[in-house]
Amino acid sequence: MTAHRFAFSADAALLRELGERLVGQPHIALAELVKNAYDADAGRVAVAFGPDEIVVSDDGDGMTAREFGGFWMRIGSPHKQSIERTRLDRAPTGSKGIGRLAVQFLGTRLSIRTTSRETPDVQLRAEIEWSSAARSGTLTDTAVEVREEARQGTYAGDCTHGTEIVVSGLNQDWDEDALAALAQRIWQLQTPFRREDDAGFKVDLTHARRSAVEAFETQMRRNLDIWSARLRGRLLPRRSGDPAGFRRARLLLEFAGEDPIRHDYTMENCDLDAVDFEIRVFSLHRKQRYGIGVEDARRYLREHGGVHIYDAGFHLPYYGPDADWLRMEIDHSHRLARSELLPAELQVDRGLNNLPTLSRVYGVVNVDTSREWVVARNERRLRSDRYLQIQASRDRLVDNATYRSLRDIVRYAVDFYAVQQTMRTAQSVLSGGHDRPPRKVGFDRIGEILDAARDEMPAGVHRALSRQIRRAAAASDAEAARAAAEAERLGSLALTGLAALARERWVDEHRGELETLAERLRSSASVDPTEAADLLERLLDASGSASGRSTVPESATSATRRTRRRLVSVLKEASARTVALHPEVRFDYAAVGEDLRLPAGTAEEWSGLFHVLMLDACEEVGGSDRPTVAIRSGTEHGRAYVSILPSGYRNPGRRTVTDGVATGEAGVPHAGVAAIAARRLCCELARETGSGPGGTTLTWNDTGVAVGDRDRRDAVAHRPTSRAGAMPASS
Ligand SMILES: Nc1ncnc2c1ncn2[C@@H]1O[C@H](COP(=O)(O)OP(=O)(O)O)[C@@H](O)[C@H]1O
Ligand SMILES: [Mg+2]
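Residues numbered from 1 in each chain as written. Chains lettered and ligands numbered in written order. Predicted model: local features only at pLDDT ≥ 70, side-chain atom pairs only at ≥ 80, totals over all residues. Heavy atoms only, no water.

## Considerations on the overall build of the protein chain
Thought 1: Each helix and strand in the protein chain was counted, giving 18 helices and 20 strands.
Thought 2: A burial count over the protein chain gives 50% of its 731 residues as buried. (Helix = DSSP H or I, 4+ residues; strand = E, 2+ residues; numbered from the N terminus. Buried < 20%, exposed > 50% of the residue type's maximum accessible area, 1.4 Å probe, protein only.)

Structure representation (structure tokens):
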């Protein structure tokens with residue numbers, strides 16, 4: 001018997017088989033090259049489309065001759081599997097060692113040039129013709145000539161090391177759709193937002209057609225734009241006269257599509273010099289805008305999310321998707337209901353129910369430990385250890401009192417967000433749930449619980465359940481949207497109806513005068529032309545206002561946008577409509593805060609509501625030669641108010657109009673409908689009733705308010721602090 005010993009060999013056709021079979025589409029093939037640049041810790045990748053070539057150049061690590069021979073030339077090399085994190089703390093995207101073969105799909109030739117970070121003067125260069133490689137038979141016999149020579153030219157961003165791959169003899173035409181698909185494919189590699197000096201990852205595209213570049217860039221930007229809330233905060237500069245360690249912080253909280261809410265708070269015993277941060281909160285349990293896949297976005301946040309700390313622009317590796325340094329995960333899993341940092345007046349029942357988990361946020365906190373050291377030295381704090389320091393390992397900060405105030409500053413902001421989100425949920429439930437269907441909260445919650453238990457169940461079960469939840473959520477969204485549209489229609493109908501009623505009443509009241517005028521004109525009796533013209537003009541005004549024509553013109557989009565409008569501008573609009581019907585009444589809003597903002601609503605909703613309230617007040621004015629409606633505003637205990645007070649009004653005590661039952665109440669013709677409209681706008685309407693004219697007051701929650709709200713500052717600026725020393729403060 002003869003024994004043989006054979007080694008496996010591979011046919012060169014395997015190259016093609018692997019490259020083409022595994023990567024079905026050109027944009028996926030090209031994305032593989034970009035992903036390799038990411039894995040090589042590149043900061044920039046330039047992708048340039050020429051008439052018959054694509055050049056992908058990166059400023060990454062490059063390859064030495066050994067790496068080129070051992071990794072690039074070795075098909076199926078799994079060496080990346082053992083790398084958990086790259087030098088820049090990236091999780092490698094590759095592992096199977098076949099991604100680069102996909103370029104066969106793009107063109108007939110490939111030329112590669114690479115310079116290792118370690119040897120910036122040298123470059124390796126090789127050319128591969130795929131067809132001849134495949135013809136040559138056995139794969140292991142397919143030799144590629146690699147020249148080692150002096151480096152010629154630079155790489156992306158004018159860097160002295162990196163890798164450049166030129167694919168030529170292109171097989172496809174790269175149109176806008178294909179480039180947008182490429183952007184979609186690689187967006188996960190980009191950090192959601194960057195600072196100017198952030199060593200992030202950026203892909204620059206050059207293409208002869210401008211529209212193609214735009215399609216690519218829009219898609220990249222949109223991917224980063226799907227946050228549902230954004231928190232931006234910073235420590236304000238020290239002010240002379242403040243006690244040692246007393247610092248103010250300013251937070252801007254922005255819910256997508258709305259104006260930012262500003263909130264100032266203070267810290268005591270805070271030895272930090274400078275901090276700023278931005279945290280984005282994502283809501284990923286339903287279909288995302290711009291066709292971004294929910295699973296893509298989730299995976300991205302699982303891998304890259306969390307709140308990261310940058311020290312003078314360098315990412316501290318410890319802080320990332322798994323580091324619960326803000327104790328958000330733990331508080332979430334213990335169902336902590338109340339914030340330990342927020343002052344009492346900012347708390348609401350179960351306010352922290354909406355505390356986000358780490359896989360729902362992406363945040364960056366910027367500090368500078370060298371600067372902190374210098375400031376501490378100048379203030380002779382070095383010996384007491386009271387300054388922000390980095391550990392010897394240089395991957396995290398020393399856990400001292402200063403570090404803990406850093407944590408409190410950031411966590412305060414997250415808690416503030418959670419409470420605001422809880423209030424919005426509660427308010428929209430109260431107001432009929434038009435903004436956010438209550439069930440959505442339930443679905444989001446189920447989704448989160450499911451995610452938390454992800455490791456404890458088979459992947460297939462998790463996938464199936466996730467899919468079911470998404471479906472159910474989508475169905476409930478559709479239903480909620482229908483209900484909201486219905487309510488929208490009824491609400492504006494009611495307000496229009498009220499305005500029409502008012503006009504009718506006006507015509508009724510002036511019917512006598514109008515009839516006399518008509519009579520006189522008919523009988524050619526003498527008519528005072530000014531008086532007649534006046535009367536007719538008022539009639540015209542009245543009909544104009546009833547049909548809404550005399551409202552202050554606004555562009556169509558801004559009129560339908562739900563934003564936090566300034567009370568003063570809404571009052572001006574509404575009084576313009578009302579004066580048309582009651583020219584004898586003077587509106588006095590000298591006592592209205594310039595900067596106070598109403599809860600979010602459209603121009604028509606707000607102006608309609610105030611128009612109706614003003615009409616009521618006009619009907620009630622009395623006890624004065626000069627009928628006046630005075631309007632006052634302010635803030636008390638975290639609630640803002642605006643009162644509409646007809647002259648002759650005495651303050652007989654307040655009563656809340658609770659629902660539509662009060663409609664048609666004597667002397668309060670519109671209160672019921674107005675109360676419904678008010679609740680839809682997250683406000684409460686109160687009527688002061690008694691003998692004589694009554695006042696109407698609208699109140700709403702106004703924690704963290706609009707820029708420059710003087711009343712609020714005065715009310716709370718000097719209250720004692722809670723445990724974290726946090727309290728709203730003047731600015
Ligand atoms: N742009 C690049 N910079 C540095 N090394 C690269 C680059 N592209 C590819 N390589 C090397 O070639 C190997 C093979 O790449 P690839 O076929 O995409 O497989 P994988 O990424 O799964 O390892 C990589 O593991 C890496 O060592
Ligand atoms: Mg790869």
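That shown, we press on.
## Thoughts on the site of ligand 1
Thought 1: In the vicinity of ligand 1 there are 17 residues, among which N36, K80, S95, G97 and R100 approach most closely.
Thought 2: Within the backbone of I98, a nitrogen or oxygen atom sits 3.4 Å from an oxygen atom of ligand 1.
Thought 3: If ligand 1 stood free it would expose 530 Å²; the protein chains cover 93% of that surface.
Thought 4: Across the shell around ligand 1, the residue classes tally to five nonpolar, eight polar and four charged. (Near = heavy atom within 4 Å. Polar contact = N/O pair within 3.5 Å; in protein donor to acceptor, adjacent residues only side chain to side chain. Areas by Shrake-Rupley, 256 points an atom, 1.4 Å probe, with all protein chains shown as cover. Nonpolar A, V, L, I, M, F, W, Y, C, P; charged D, E, K, R; others polar.)

## Side note on the confidence of the model for the protein chain
Thought 1: With 79% of its residues at a pLDDT of 70 or more, the protein chain has an overall mean of 79.
Thought 2: The weakest mean pLDDT in the protein chain belongs to helix α18 (residues 710-716) at 37; the strongest belongs to strand β2 (residues 53-58) at 97.
Thought 3: Below pLDDT 50 for its whole length, residues 545-557 participates in 18 contacts with residues either more than four positions away or in separate chains.
Thought 4: In this model, residues 704-731 is a region of pLDDT below 50 whose contacts with residues beyond four sequence positions or in other chains number 83 contacts. (pLDDT = per-residue confidence, 0-100. Contact = heavy atoms within 4.5 Å.)

## Comments concerning unusual backbone geometry
Thought 1: With a phi angle near 55°, R380 is a residue other than glycine that sits in the positive phi range.
Thought 2: When its relative accessible area of 77% is taken as the criterion, R380 is described as exposed.
Thought 3: A positive phi angle, close to 65°, is found at C682, a residue other than glycine.

## Section: the pairing of strand β12 (residues 306-311)
Thought 1: With six of six residues buried, β12 lies mostly within the body of the structure.
Thought 2: Bridge count between β12 and strand β13 (residues 314-315): two bridges; the pairing is antiparallel. Across the sheet, residue D311 finds its bridge partner in β13, namely F314.
Thought 3: Joining the antiparallel neighbours β12 and β13 is a turn of two residues, in which A312 adopts a positive phi near 50°. (Pairing = 2+ DSSP bridges.)

## Let's talk about the sheet that holds strand β4 (residues 122-129)
Thought 1: Pairing is mixed in the open sheet, where seven strands are placed in the order β5-β4-β3-β6-β2-β1-β7. Both edges of this open sheet fall to β5 (146-150) and β7 (202-206), since each of them pairs with a single strand only. Pairwise comparison of adjacent strand axes, ignoring direction, gives a mean angle of 15° for this sheet. (Axes fitted to C-alpha atoms, helices over the stretch in contact; angles between N-to-C directions.)

## Observations regarding the packing of helix α15 (residues 567-579) against helix α16 (residues 603-620)
Thought 1: Interhelical geometry of α15 versus α16 gives an angle of 55° and a closest axis separation of 8 Å. Taken together, the axes of α15 and α16 are oblique relative to one another. Considering only the axes of α15 and α16, their crossing is right-handed. For the pair α15 and α16, contact is made by L567, V570, L571, E573, A574, S575, R577 and T578 and by A603, E604, W606, S607, G608, F610, H611, M614, L615 and C618, respectively.
Thought 2: The class makeup of the residues in the contact of α15 with α16 is 10 nonpolar, five polar and three charged. (Parallel < 35°, antiparallel > 145°, perpendicular 65-115°, else oblique. Left-handed = near helix turned anticlockwise from the far one by under 90°.)

## Looking at a negative patch on the surface
Thought 1: Residues E513, D528, E531, D534 and E537 make up a contiguous surface patch of negative charge.
Thought 2: The biggest single contributor to the negative patch is helix α13 (residues 529-546), with three residues.
Thought 3: Within the secondary structure layout, D528 lies in the loop between α12 (459-522) and α13.
Thought 4: You can call D528 partly exposed: its relative accessible area is 39%. (Patch = residues over 30% accessible without salt bridge, like charges linked within 9 Å, V, L, I, M, F, W, Y side chains within 5 Å. Salt bridge = Lys/Arg side-chain N within 4 Å of Asp/Glu carboxyl O. Lys, Arg positive; Asp, Glu negative; His and termini not counted. Charge placed at Lys NZ, Arg CZ, Asp CG, Glu CD.)

## A closer look at α16
Because an α-helix packs 3.6 residues into every turn, residues spaced three or four apart end up facing the same way.
Thought 1: End to end, α16 covers 26 Å across 18 residues, agreeing with the expected 26 Å (1.5 Å per residue, within 8%).
Thought 2: Here α16 lies mainly inside the structure; 16 of its 18 residues are buried. (Expected span 1.5 Å × (residues − 1).)

## Points about the sheet that holds strand β14 (residues 361-367)
Thought 1: Spatially, β10-β9-β8-β11-β14-β12-β13 is the arrangement adopted by the seven strands of the open sheet, whose pairing is mixed. Edge positions in the open sheet fall to β10 (261-267) and β13, since each of these has one partner strand only.
Thought 2: Relative to β10, strand β9 (residues 247-255) is paired through seven bridges, and the arrangement is antiparallel. What sits directly across from R248, in β10, is T266.

## A short note on the nonpolar core
Thought 1: Counting residues in hydrophobic clusters, the biggest one holds 60 residues, and the most contacted among them are L30, V47, I186, V203 and F216.
Thought 2: The element best represented in this core is helix α2 (residues 26-39), accounting for seven residues.
Thought 3: The residue makeup of this core includes at least three contributed by each of domain 1 (13-223) and domain 2 (229-430).
Thought 4: Once residues within four sequence positions are removed from consideration, I186 is found in contact with A31, V34, V203, F216 and M220. (Core = buried A, V, L, I, M, F, W, Y, C linked by side-chain atoms within 4.5 Å. Domains from an automatic or database assignment.)

## What to know about α2
Thought 1: The terminal C-alpha atoms of α2 lie 20 Å apart, and with 14 residues this matches the ideal 20 Å at 1.5 Å per residue to within 8%.
Thought 2: Along α2, the residues classified as buried are H27, I28, A29, L30, A31, E32, L33, V34, K35, A37, Y38 and D39.
Thought 3: The secondary structure elements touched by the buried residues of α2 are β1 (44-49), β2, β6 (162-170), α5 (176-186), β7 and α7 (294-304).
Thought 4: After α2 finishes, the residue D41 shows a positive phi value of roughly 60°.

## Quick word on the side chain of D331
Thought 1: Assignment of secondary structure puts D331 in helix α8 (residues 328-333).
Thought 2: Discounting residues that sit within four places of it in the chain, D331 has contacts with L336, L355 and R411.

## Description of the pattern of salt bridges
Thought 1: Overall, the coordinates contain 31 salt bridges when judged by the stated rule.
Thought 2: The partner of R238 in a salt bridge is E379, with the nearest N and O atoms 3.8 Å apart. Taken together, the positions of R238 in the loop between β8 (229-235) and β9 and E379 in the loop between α9 (369-378) and α10 (401-430) put the pair 141 residues apart, joining distant regions of the chain.
Thought 3: Among the residues examined, R238 registers a relative accessible area of 37% and is labelled partly exposed.
Thought 4: The shortest N-O distance in the salt bridge between R597 and D259 comes to 3.8 Å. Taken together, the residues R597 in the loop between β15 (586-591) and α16 and D259 in the loop between β9 and β10 connect sequence positions 338 residues apart.

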